[in-house]
Amino acid sequence: MRKILSTILLAAFAGMMIGCSFSKSKNGKGKGTETEQILVTEESMEYPELTKLPLPCAKEDLYTAWKQIGVIELQRKKSLDYKQHTPVLFISTDLDEDGNPEVLLRGEPPYAAIYSFVKDSLRLITFVDRAELGLAITPDRTIIRNGMGSNGSSVSEFIRLEDSKIVASGAIRETFVIKDGAMTSGGMKYMLKNDSALVEVSKDEYLQVAPQQEGTYLDELDGWEDFRKP
């Protein structure tokens, strides 16, 4: 069964979300925490159609680029070591349809990374830097990142590519507080990337830029090939 990772846009329309990562599979069972309100219907779900392309470079080059991510040290959590966990599966496609391929790589969970290949060079677009992070692709091939912040907040991010570069990105963060013995939402912040920093914006400003479609988790995409085969 495919698992759907809802984008932060849909969560924002709900007015409040629990965990900021509403997800739903085709059999109606969620992955993670679900809000009480159903935001999308089975009939409205769309899945990304990724046209497979030949690998734009040697697997050795991808293997080297993957290992260069290195070790991600995390406070109070087990570190992620891309040197010791090598790629297992790949999809070569063109997410932004600019003629330059992107390569989606997966190792054993939770390891994953996405690269662009431009002018004979690999560019790292994003990768899993926290074990609880989920990566997904929307039908319009926007990249979605969902996970938990360092302070226990719930964070959802989007990355939109154009000409193999990140042209728009943003995040929505929800904090939680204990009130009357129960955990409730402490409010949401909407942010868009301005130069190199995320800047807080209004909800309306955010919704004008954020994707409007659900994302499908990487491990539920079709077309993965074995990276280990010659």
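For the structure itself, consult the block above.
All figures in this text were calculated on a predicted structure; none of them were measured in a lab.

**With respect to the pattern of salt bridges**
In this structure the tally under the stated criterion is seven salt bridges. Two residues, Arg 145 and Asp 129, come together in a salt bridge whose shortest N-O distance is 3.4 Å. Separated by 16 residues along the polypeptide, Arg 145 in strand β10 (residues 143-148) and Asp 129 in the loop between β8 (121-127) and β9 (134-137) bring together distant segments of the chain. The residue Glu 157 makes a salt bridge to Arg 145 at a minimum N-O spacing of 2.6 Å. Of this pair, Glu 157 sits in strand β11 (residues 154-162) while Arg 145 sits in strand β10, and the two are 12 residues apart along the sequence. Ionic contacts of the salt-bridge type, sharing partners, join the residues Asp 129, Arg 130, Glu 132, Arg 145 and Glu 157 into one network.

**Some remarks on the side chain of Arg 141**
Along the chain, Arg 141 falls in the loop between β9 and β10. For Arg 141, a relative accessible area of 18% translates into the label buried. The residues contacting Arg 141, other than those within four sequence positions of it, are Glu 49, Leu 50, Asp 94, Leu 95 and Glu 97.

**With respect to the pairing of strand β13 (residues 182-194)**
Direction of pairing for strand β12 (residues 165-179) relative to β13: antiparallel, over a ladder of 10 bridges. Of the residues in β13, the one forming a bridge with Lys 179 is Ala 182. Hairpin connection, β13 to strand β14 (residues 197-201): the antiparallel pair is bridged by two residues, and Asp 195 has positive phi, about 60°.

**Side note on helix α2 (residues 59-67)**
Taken together, the buried positions of α2 are occupied by Leu 62, Ala 65 and Trp 66. The buried residues of α2 occupy an angular sector of 100° when the element is viewed end-on, so they sit on one face. In this structure, the buried side of α2 is in contact with β6 (102-106), β7 (112-118) and β8.

**Some thoughts on the sheet that holds β8**
Sheet architecture is open: five strands sit in the order β8-β7-β6-β5-β16, paired in antiparallel fashion. Only two strands of the sheet have a single partner each, and these edge strands are β8 and β16 (225-226). Relative to β7, β6 runs antiparallel, the two being bridged by five bridges. The residue of β7 that forms the bridge with Arg 106 is Ala 112.

**Comments concerning the packing of aromatic side chains**
Applying the stated criterion across every chain yields a total of six aromatic pairs. Seen in terms of ring centroids, Tyr 82 and Phe 127 are 5.8 Å apart; in terms of plane orientation they differ by 90°. Their pairing is edge-to-face. Taken together, the positions of Tyr 82 in the loop between β4 (80-81) and β5 (89-93) and Phe 127 in strand β8 put the pair 45 residues apart, joining distant regions of the chain. Seen from their ring centres, Phe 158 and Tyr 206 are 6.0 Å apart, and the 70° between their planes marks the pair as edge-to-face. Here the residue Phe 158 occupies a position in strand β11, and Tyr 206 occupies one in helix α3 (residues 203-209), the gap between them amounting to 48 residues. Residue classification places Phe 158 among the buried positions, given a relative accessible area of 1%.

**Topic: unusual backbone geometry**
Between Pro 109 and the following residue, Pro 110, the backbone shows a cis peptide bond with an omega angle of 10°. Tracing the backbone shows Pro 110 in the loop between β6 and β7. Positioned with a positive phi, Asp 163 is a non-glycine residue whose angle comes to about 55°. With a phi angle near 60°, Asp 195 is a residue other than glycine that sits in the positive phi range. Here Asp 195 is to be found in the loop between β13 and β14. Using a relative accessible area of 75% as the deciding quantity, one classes Asp 195 as exposed.

Parameters at a glance
Residues numbered from 1 in each chain as written. Predicted model: local features only at pLDDT ≥ 70, side-chain atom pairs only at ≥ 80, totals over all residues. Heavy atoms only, no water. Salt bridge = Lys/Arg side-chain N within 4 Å of Asp/Glu carboxyl O. Helix = DSSP H or I, 4+ residues; strand = E, 2+ residues; numbered from the N terminus. Buried < 20%, exposed > 50% of the residue type's maximum accessible area, 1.4 Å probe, protein only. Contact = heavy atoms within 4.5 Å. Pairing = 2+ DSSP bridges. Arc of directions from axis to C-beta. Phe/Tyr/Trp six-rings, centres within 6.5 Å; stacked < 30°, edge-to-face > 60°.

Taken by themselves, the reported measurements are silent on function.
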